[in-house]
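Geometric and topological summary
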Amino acid sequence: MANVSTYLNFQRNTEEAFNFYRSVFGGEFTGGISRFSDIPPSENNPPLPDEDKSLVMHVALPILGGHLLMGTDAPESMGFRVNFGNNVYISLHPDTREETKRLFDALSEGGKVEMELQDMFWGDYYGSLKDKFGVQWMFNCEEKISKAE
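Summarised in this report is the structure supplied together with it. Since the structure is predicted, the reported quantities are computational estimates derived from the model, not experimental observations.

Description of the pairing of strand β5 (residues 88-93)
Two faces make up the sheet, and in a regular strand the side chains alternate between them. Sheet topology note: the strand β1 (residues 3-10)/β5 ladder contains six bridges and is antiparallel. Counterpart to Ser 5 in the pairing with β5 is Ser 91. With three bridges joining them, β5 and strand β8 (residues 136-141) adopt parallel strand pairing. Its bridge partner being in β8, Leu 92 is matched across the sheet by Phe 139.

So this is what it looks like as structure tokens:
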């Protein structure tokens, strides 16, 4: 079922922040904490400095009404520059790839695509953009390509 969540970027203290949020809201992290060391090696990814391998790649915490608060560390070694204002994304999880593409294309009109929609190593169809008003959006669709395509 489609849903919306909030995605927060931190310089290097996502784990500390999410442990705080967990103390406030209770509950457990959905799927645990994924680390940058979990990313499979690839020609497209530069080598990760040792000090960044233990940083949080992804964490999710259910808060109120089924809303997920998600987050990541955004290390400069991977080209990120976190500032207040660029550290929050609205994360959309449409049901279908078609709906994901429609929303992505519409919101990117006049804006800037950060990452084109593509199949990712975790198995989902993902992309990100900043719309023409400066709002940051992430798209993550679990629907797989059918064998017929």
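Structural notes on the packing of aromatic side chains
In the structure shown here, the tally under the stated rule is seven aromatic pairs. Ring centres of Phe 121 and Trp 122 lie 5.2 Å apart, and the angle between their planes is 80°; on these two criteria the pair is classed as edge-to-face. Its relative accessible area of 40% is what places Trp 122 among the partly exposed residues. Taken together, the ring pairs connect Phe 10, Phe 18, Phe 20, Tyr 21 and Phe 29 into an aromatic cluster.

Rules used throughout
- Residues numbered from 1 in each chain as written.
- Predicted model: local features only at pLDDT ≥ 70, side-chain atom pairs only at ≥ 80, totals over all residues.
- Heavy atoms only, no water.
- Pairing = 2+ DSSP bridges.
- Helix = DSSP H or I, 4+ residues; strand = E, 2+ residues; numbered from the N terminus.
- Phe/Tyr/Trp six-rings, centres within 6.5 Å; stacked < 30°, edge-to-face > 60°.
- Buried < 20%, exposed > 50% of the residue type's maximum accessible area, 1.4 Å probe, protein only.

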